[in-house]
Amino acid sequence: MDIDFVITWVDMNDPKWQAKFSIYSGNKDNTKNGVSKARFRDNGFLKYWFRGVEKFAPWVRKIHFITDGQKPEWLDENNPKINLVSHEDFIPSRFLPTYNSVVIERYLHKIPGLTEHFVYFNDDFYIINHVGKDRFFQNGLPCDIAVFDYNPSWSQWYKRIKNNVRIINRHFDKKEVMALHHDKWFYKGYGMKARWNYILKFYDKFITLRTPHNAQPYLKTTFEEVWAVAGKELTETSANKFRALSDYTPELFRTWQICRGNFTPYNTYNDTRMFPLMIRPRQAVKAIYGQSYSLICLNDNVHIRNYDLVIDNIRNAFQHILPEKSSFEI
């Protein structure tokens, strides 16, 4: 089974990008949440992403590297495993430029040459220990955790997730789905994380699912199915150049995939961890040095204290476990 990786990246220090960004954002200070510096800045860790892939997941067929026409100066674009992809290569031109990640993500299935089985990475997701294909796909299906989660109504992200859930409830009967795929929803390996599945077993409607903030496996046909039934909504909101409350997020595709039963139950929290650098920088550094997980997310924030020191410590940790250049570097 061929598996591709897809990763999105932006260089906000690029003067051309900055000039274009300021025209559309109307916010040169980057203080609003939707255009926060933390959403776009590059901490210089990208080369460790590539090193991690080469060392710990050498089986990947192709890496589709998505940018707004940019390329790190150190990246060897002639490496046969790299496919440099610009937004204009797969997103309709009338929606460009876009600075809204959820718009970029909904068109991933349009990437030229993408395989049916692929794993999507944000540029703050890293592989720090060995992973096999079966970490992401088993029996031809994505490995995932199907458990409900409570989200507070005041959360802006939750308001966007609710948009997804409305489409899901329009096309799936929750009781039928959970009965048909009972063993996947009540998989013992989920442990206590499945408690809401038992509590809400007899509730008629879907609510939000727990979403591991890390590398996500997908079937390309999942995107095609969702677009076939929700193309109107997805097309209309593709005009949102920055995050908006009317957005539909990638969790729509993931939830659809789960409701269709197109997944293998797997407790992804066993070997993944998200570290908000605002509150857990030391734990993040320790996890990298110790290679405590297969996959980690280093969640950036504009309010990180001692930012330069935190970044230096993380860079040193990456350099410790991944000191050799990869074939992706010139």
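Numbering of residues begins from 1 in every chain and follows the order in which that chain's sequence is written. With pLDDT at 70 or above as the cut-off, local features in this predicted model cover only qualifying residues; side-chain atom pairs require 80 or more to be listed or tallied, and sums for whole chains, interfaces and linings still use all residues. Hydrogens and waters are ignored; side-chain quantities use all the structure's heavy atoms.

Describing helix 3 (residues 46-56)
Thought 1: Exposure categories follow from relative accessible area, calculated using a 1.4 Å probe and restricted to protein chains: below 20% of the type maximum is buried, above 50% is exposed, and the middle band is partly exposed. Helix and strand definitions follow DSSP, with helices as H or I runs of at least four residues and strands as E runs of at least two, each counted in order from the N terminus. Burial analysis of helix 3 places 8 of its 11 residues in the buried class, which makes it a mostly covered element.
Thought 2: Taken as a whole, helix 3 has its buried residues at Leu46, Tyr48, Trp49, Phe50, Arg51, Gly52, Val53 and Phe56.
Thought 3: The secondary structure elements touched by the buried residues of helix 3 are strand 1 (3-8), strand 2 (62-67), strand 3 (82-86), strand 4 (117-121), strand 5 (125-127) and helix 12 (307-321). The contact criterion used throughout is that any non-hydrogen atoms of two residues lie within 4.5 Å.

Remarks on the packing of aromatic side chains
Thought 1: Ring pairs shown here join Phe, Tyr and Trp side chains whose ring centres sit within 6.5 Å, with only the six-membered ring taken for Trp; geometry is labelled stacked below 30 degrees between planes, edge-to-face above 60, and tilted in between. Here the structure, examined in full by the defined rule, presents 32 aromatic pairs.
Thought 2: Here the aromatic rings of Tyr24 and Tyr99 are separated by 6.4 Å at their centres, their planes lie at 45°, and the arrangement is tilted. With Tyr24 in helix 1 (residues 15-25) and Tyr99 in the loop between strand 3 and helix 4 (101-106), this pair connects stretches of sequence that are 75 residues apart.
Thought 3: With a relative accessible area of 6%, Tyr99 lands in the buried category.
Thought 4: For the ring pair Tyr126 and Phe318, a centre distance of 4.9 Å and an interplane angle of 50° mean the geometry is tilted. Taken together, the residues span a long stretch of sequence, with Tyr126 in strand 5 and Phe318 in helix 12 at a distance of 192 residues. Per residue, the accessibility class of Tyr126 equals that of Phe318, and both read buried.
Thought 5: An aromatic cluster is present here, built from Phe5, Trp9, Trp49, Phe50, Trp59, Phe65, Trp74, Phe121, Phe136 and Phe328 joined pairwise through their rings.
Thought 6: Lysine and arginine charges are scored as sitting over a ring when NZ or CZ, respectively, is within 6 Å of the ring centre and within 35 degrees of the ring normal. Between the NZ or CZ atom of Lys193 and the centre of the ring of Tyr269, over which it lies, the distance is 4.9 Å.

Concerning the sheet that holds strand 7 (residues 141-144)
Thought 1: Pairing is mixed in the open sheet, where 3 strands are placed in the order 6-7-9. Looking at the sheet topology across the chains shown, the edges are occupied by strand 6 (137-138) and strand 9 (264-265).
Thought 2: In this sheet, strand 9 lies alongside strand 7 in parallel orientation, the contact comprising 2 bridges. From the neighbouring strand, Asp144 faces strand 9, where its bridge partner is Pro265. When DSSP finds two or more bridges between a pair of strands, those strands are recorded as paired.

Quick word on the pattern of salt bridges
Thought 1: For this analysis, a salt bridge means a side-chain nitrogen from Lys or Arg found within 4 Å of a carboxyl oxygen belonging to Asp or Glu. For the coordinates displayed, the defined rule picks out 11 salt bridges.
Thought 2: With its nearest N and O atoms 2.7 Å apart, the salt bridge here joins Arg51 to Glu329. On the criterion of sequence distance, the pair formed by Arg51 in helix 3 and Glu329 in the segment after helix 12 is long-range, its members being 278 residues apart. As far as burial versus exposure is concerned, Arg51 and Glu329 are alike and both buried.

What about helix 12?
Thought 1: A helix is expected to span 1.5 Å multiplied by its residue count minus one. Spanning 15 residues, helix 12 covers 22 Å between terminal C-alpha atoms, matching the ideal 21 Å at 1.5 Å per step.
Thought 2: Of all the positions in helix 12, only Val310, Ile311, Ile314, Ala317, Phe318 and Ile321 are classed as buried. One face of helix 12 carries all of its buried residues, which in axial projection span an arc of 125°. In helix 12, the exposed positions angled more than 90 degrees off the buried face are occupied by Asp308 and His320.
Thought 3: Here the buried face of helix 12 lies against helix 3, strand 5, helix 11 (281-290) and strand 11 (295-299). This arc corresponds to the set of directions leading from the helix axis out to the C-beta atoms.

Thoughts on the nonpolar core
Thought 1: We define the nonpolar core as a collection of buried residues of types Ala, Val, Leu, Ile, Met, Phe, Trp, Tyr and Cys that are connected through side-chain atoms lying within 4.5 Å of one another. With 49 residues, the main nonpolar core has Phe5, Trp49, Phe50, Phe121 and Leu298 as its most contacted residues.
Thought 2: Counting residues per element, the ones that place at least two in this core are strand 1, helix 3, strand 2, strand 4, strand 5, helix 11, strand 11 and helix 12.
Thought 3: Among residues more than four places away in sequence, those in contact with Phe50 are Ile63, Phe65, Trp74, Leu75, Ile82, Ser326 and Phe328.
Thought 4: Membership of the second largest hydrophobic core comes to 46 residues, among which are Ile104, Val147, Ala194 and Trp227.

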